[in-house]
Amino acid sequence: DGSSIGRNDVWKYSPALNQWAWMQGNSGGLNNPVYGTKGVASFFNGPGNLTLGACSWSDALGNFWIFSGDVNGSVLASTNDMWKFDVTLNEWAWMNGPGAGSQAGVYGVKGVAAAGNLPPARQECDGKWTDKNGNLWLFGGQDFTVNALNDLWMYNVGTNEWTWESGTNTMNAGTTGVKGVPSTTGYPGGRWVYCTWKDLNDNLWMFAGQG
């Protein structure tokens, strides 16, 4: 919110009624995450107060997913936990991640999904989209040591696994290649990016950012 404390309240807007409804979460205060059992939704679960550019998506069933950002409860720390909000149950489930702040990632092998893979904790990460198969993608952001990232990740909702798809596992790196020519060795430099699109062929486009 305006005080940079972050919030954890979930709201629903009805276009037909032109009205808001407060659905879940607290009305204020410093709220820590309540993890519960991984993969199990509960009314008492929640990601805590989140601020500073968390990644968010909606899946094919209309459920909401959220990853990264700064958890601003009793301790301020970047996160790499994945949460799912079930709109039918009106409940959160902790789906993936270490359940602790400011944790390093596990990149694994590029292009290979694995249960142990995990993007590093990060904030200012709004370079994200959902592809036609319902997979969740993210690019870049700022890691918990304040370095700009250029890693590209895909999260498979069905298997609950991450895949490191492109970019580097080092900070602030990038190579432009030849303008207009796709390449496996060309990728953007590390940045916080907020301006993204997806075209009809499932390609991601992005512009500018800070890095």
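## Re the pattern of salt bridges
- Tallied over the full model, the rule gives four salt bridges.
- Between Asp-9 and Arg-7 there is a salt bridge; the shortest N-O distance is 3.5 Å.
- Judged by relative accessible area, Asp-9 falls into the partly exposed class, the value being 22%.
- In this structure Arg-7 comes out as partly exposed when scored by relative accessible area, which is 32%.
- A salt bridge links Lys-198 to Asp-202, with the shortest nitrogen-to-oxygen separation between them at 3.5 Å.

## Quick word on the pairing of strand E1 (residues 10-14)
- The pairing of E1 with strand E2 (residues 19-24) spans five bridges and is classified as antiparallel. Opposite Ser-14, over in E2, you have Gln-19 as the bridge partner.
- Hairpin connection from E1 to E2: four residues lie between these consecutive antiparallel strands, with Asn-18 at a positive phi of about 55°.

## Quick look at the sheet that holds strand E3 (residues 50-51)
- Ordered in space as E3-E6-E7, the three strands form an open sheet in which the pairing is antiparallel. Two strands bound the open sheet, and with one partner strand each, they are E3 and strand E7 (76-78).
- Here E3 runs beside strand E6 (residues 70-72); their pairing, made up of two bridges, is antiparallel. In the strand pairing of E6, Thr-51 is matched with Asp-70.

## A few points about the sheet that holds strand E4 (residues 55-58)
- Here four strands make up an open sheet; going across it, the order is E4-E5-E8-E9 and the pairing antiparallel. A single partner strand is all that each edge strand has here, and the edge strands are E4 and strand E9 (91-96). Each strand axis lies, on average, 20° off the axis of its neighbour in the sheet, ignoring direction.
- When E4 meets strand E5 (residues 64-67), the two strands line up antiparallel, connected through four bridges. Residue pairing in the sheet places Ser-58 in a bridge with Phe-64 of E5.

## Comments concerning unusual backbone geometry
- Its identity is not glycine, yet Ser-68 carries a phi of approximately 75°, on the positive side.
- The phi dihedral of Asn-160 falls on the positive side, at around 60°, and the residue is not glycine.
- In this structure, Asn-160 sits in the loop between strand E13 (148-156) and strand E14 (161-166).

## A word on the nonpolar core
- Residues Trp-57, Trp-65, Phe-67, Met-82, Leu-138, Tyr-155 and Trp-162 are the most contacted members of the largest nonpolar core, which totals 16 residues.
- Elements with a minimum of two residues in this core: E4, E5, E9, strand E12 (136-143), E13 and E14.
- Those residues in contact with Phe-67 that lie beyond four places of it in its chain are Ala-54, Cys-55, Trp-57, Asn-80, Asp-81, Met-82, Pro-119, Pro-120, Arg-122, Leu-138 and Trp-162.
- Ranked by size, the runner-up nonpolar core spans ten residues in total, among them Ala-54, Val-71, Phe-85 and Trp-92.

## Structural notes on the pairing of E14
- Bridge analysis of E13 against E14 gives five bridges, and the strand direction is antiparallel. Pairing of Asn-156 across the sheet is with Glu-161, part of E14.
- Counted along the chain from E13 to the antiparallel partner E14, the turn is four residues long, and its residue Asn-160 has a positive phi close to 60°.

Rules and cut-offs
- Residues numbered from 1 in each chain as written.
- Predicted model: local features only at pLDDT ≥ 70, side-chain atom pairs only at ≥ 80, totals over all residues.
- Heavy atoms only, no water.
- Salt bridge = Lys/Arg side-chain N within 4 Å of Asp/Glu carboxyl O.
- Buried < 20%, exposed > 50% of the residue type's maximum accessible area, 1.4 Å probe, protein only.
- Pairing = 2+ DSSP bridges.
- Helix = DSSP H or I, 4+ residues; strand = E, 2+ residues; numbered from the N terminus.
- Axes fitted to C-alpha atoms, helices over the stretch in contact; angles between N-to-C directions.
- Core = buried A, V, L, I, M, F, W, Y, C linked by side-chain atoms within 4.5 Å.
- Contact = heavy atoms within 4.5 Å.

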